[in-house]
Amino acid sequence: MSAERDRLLIGVTACVRDLDRRDFHVLSSFYVDAVAHAMEAVPLVIPALGPAVDWTTMLDRLDGLLFTGSPSNIEPHHYAGPPARDGVMKDARRDATTLPLIRETIRAGVPMLAICRGLQELNVAYGGSLHQHVEEVPGRTDHRSRDSDPMEVRYALRHEIAFTPGGQLAAIAGTDHARVNSLHGQGIDRLGTGLEVEATAPDGTIEAVRVADAQAFALAVQWHPEWKATEIPLSRAIFAAFGDACRQHAERRNDRPAQAGGYGRNRIVA
Ligand SMILES: N[C@@H](CCC(=O)NCCCC(=O)O)C(=O)O
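Residues numbered from 1 in each chain as written. Predicted model: local features only at pLDDT ≥ 70, side-chain atom pairs only at ≥ 80, totals over all residues. Heavy atoms only, no water.

1. Here we look at the pattern of salt bridges
Keep this limit in mind: One speaks of a salt bridge when a side-chain nitrogen belonging to Lys or Arg is within 4 Å of a carboxyl oxygen belonging to Asp or Glu. Segments assigned H or I by DSSP are reported as helices when at least four residues long, segments assigned E as strands when at least two residues long, and all are numbered from the N terminus. With a 1.4 Å probe rolled over the protein chains alone, any residue whose accessible area is under 20% of its type maximum counts as buried; one over 50% counts as exposed, and the rest are partly exposed.
Enumeration over the complete set of coordinates arrives at 19 salt bridges. One salt bridge connects R85 with E136, and the closest N-O pair in it is separated by 2.7 Å. With a gap of 51 residues between them, R85 in the loop between β5 (64-67) and α4 (92-107) and E136 in the loop between β7 (130-131) and α6 (151-154) connect regions that are remote in the sequence. A salt bridge links D149 to R146; the shortest N-O distance between them is 3.6 Å. Among the residues examined, R146 registers a relative accessible area of 56% and is labelled exposed. Several salt bridges converge on common partners, so that one network encompasses R94, D95, R117 and E121.

Printed below as a string of C-alpha cells:
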C-alpha cells in the first residue's frame, strides 16, 4: 500500500451559507490546512445535511472528526435559551448536523477535536447551555475579535489560560498555562453532563473541555489552534495528540473483522 493510502481520513464539519442565491457548504481554509499540514492527513468536508447523512456509514470510514468554528451561533432553542437578538448569524442545518453527529461520534469511539463553535456544540450536545454574549456577563472580559482587523491581529495570542492540573491538555501542552487567541462572543454557561473542564481564562470563561468517559480522544477548545497550526507549539501539540489518537483508532479498527453496518468495518486494502 502506498504511503498516500495510509494517510488518515479526517472529517471536517461545514456550515451552510447563502452565496450568489444558492446554498454553499463552506468552512475556513484554516481547518483543512491544519488537517493537511499539521496532521499530514486527508481532510474530508462533511456537508451540513442534517439527518440525510448516514452517520454509521460515515463514521465507519473516518479516522477522526474535527468540529470546526464558525461565525454563526447555535440556535438557543437547543439549550432552552432566550431567543437570539436580531441580526445574530445562525445556521439551523449545521446545528441539525453537528449536534447529533457529536453524540454519534463519541458513541462510536471515533476520536474528535472540537474548536470554538465546535466546543459550544459539544457542550450543548451534552445538555449544557451557553452565554450568548460573554462580554455582558458580570466579571467577564470581551473575547471577541474585530472582523475588520487583519488576520494577524484577529488571531494574535490575546489572553492567558490555565490548564486543569493533572488534566489531558496540561499533559499535551507539558505546562500549566499558555496564551491563546480569542474569536468568540459566546461561551459555556452550564457545563454539559459528563464534560470536564480542561482549561479556563482568568475571567472564569471555560476555555477547554473533555468528555470524561469517552472511549477515544474527545477534546474541545474555545480558541483556534488551526491558526498557524504547524508553528505555534501548543497548536502543534494538540494536532499531534489528536493525530496519534486517530492513528490508534485506525489501527484498532483495521484489526477488527468486517461487519455489515457496525462500527468495526475493515478498510478496503489493495
Ligand atoms: N459564533 C460563535 C463561535 C465562534 C467561532 O467559532 N468563531 C470562529 C470564527 C472563524 C471561523 O469560522 O473559523 C461565537 O461567537 O461564540
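2. A few points about the site of the ligand
Spelled out, the test is: Residue proximity to a molecule or strand is established when one non-hydrogen atom of the residue lies within 4 Å of it. Distance and chemistry together define a polar contact, namely a pair of N or O atoms within 3.5 Å, with one atom able to donate a hydrogen and the other to accept it when in protein, and with adjacent residues in sequence counting only for side-chain atoms on both sides. Per-residue accessibility takes into account occlusion by the displayed protein chains alone, with areas from the Shrake-Rupley method and a 1.4 Å probe. Asp, Glu, Lys and Arg are counted as charged, while Ala, Val, Leu, Ile, Met, Phe, Trp, Tyr, Cys and Pro are counted as nonpolar; the rest, among them Gly, fall into the polar class.
What surrounds the ligand is a group of 15 residues, the closest being Y31, S70, N73, C116 and Q186. At 3.3 Å from a nitrogen atom of the ligand is found a main-chain nitrogen or oxygen belonging to P71. One of the backbone nitrogen or oxygen atoms of L183 is found 3.3 Å away from a nitrogen atom of the ligand. Expressed as a share of its isolated accessible area of 420 Å², the protein-covered part of the ligand is 90%. Residues belonging to the shell around the ligand are distributed by class as follows: 5 nonpolar, 9 polar and 1 charged.

3. Here's the deal with the packing of aromatic side chains
Put simply, the rule reads: In this analysis, rings of Phe, Tyr and Trp, with Trp reduced to its six-membered ring, are considered paired at centre separations within 6.5 Å, and the interplanar angle assigns stacked below 30 degrees, edge-to-face beyond 60, and tilted for intermediate values.
Inspection of every chain in the model, using the stated rule, returns 4 aromatic pairs. Relative to Y155, the ring of F30 lies with its centre 5.3 Å away and its plane at 80°, an arrangement referred to as edge-to-face. Of this pair, F30 sits in helix α2 (residues 29-38) while Y155 sits in the loop between α6 and β8 (159-163), placing them 125 residues apart in sequence. Using a relative accessible area of 9% as the deciding quantity, one classes Y155 as buried. Members of the aromatic cluster, each reached through a chain of ring pairs, are F30, Y155 and W227.

4. Points about α2
The following threshold applies: It is the directions from the helix axis to the C-beta atoms that the arc portrays. Pairs of residues are marked as contacts when any of their non-hydrogen atoms sit within 4.5 Å.
Here α2 has its buried residues at Y31, V32, A34 and V35. Taken down its axis, α2 places every buried residue within 155° of arc, on the same side. Against the buried residues of α2 lie β1 (9-13), β4 (42-46), β5, β6 (112-115) and α8 (233-255). At the C-terminal side of α2, E40 shows a positive phi close to 50°.

5. Points about the sheet that holds strand β11 (residues 195-200)
Worth spelling out the cut-off: Only strands that DSSP links by at least two bridges are regarded as paired with each other. Note on method: axes are straight lines fitted to C-alpha atoms, helices fitted across the in-contact stretch only, with angles between N-to-C directions ranging 0 to 180 degrees.
If you walk across this open sheet you meet the 9 strands as β4-β1-β5-β6-β13-β12-β11-β8-β9, and the pairing is mixed. The sheet terminates laterally at β4 and β9 (177-180), the two strands that pair on one side only. Each strand axis lies, on average, 25° off the axis of its neighbour in the sheet, ignoring direction. As paired strands, β8 and β11 are joined by 2 bridges and run antiparallel to one another. The residue bridging A162 from the neighbouring strand is T200, located in β11. Along the sheet, helix α5 (residues 117-125) contacts β5, β6, β11, β12 (206-211) and β13 (218-221); its crossing angle with β6, the most-contacted strand, is approximately 115°. Along the sheet face, α8 touches β1, β5, β6, β8, β9 and β13 and points at about 150° away from the line of β6.

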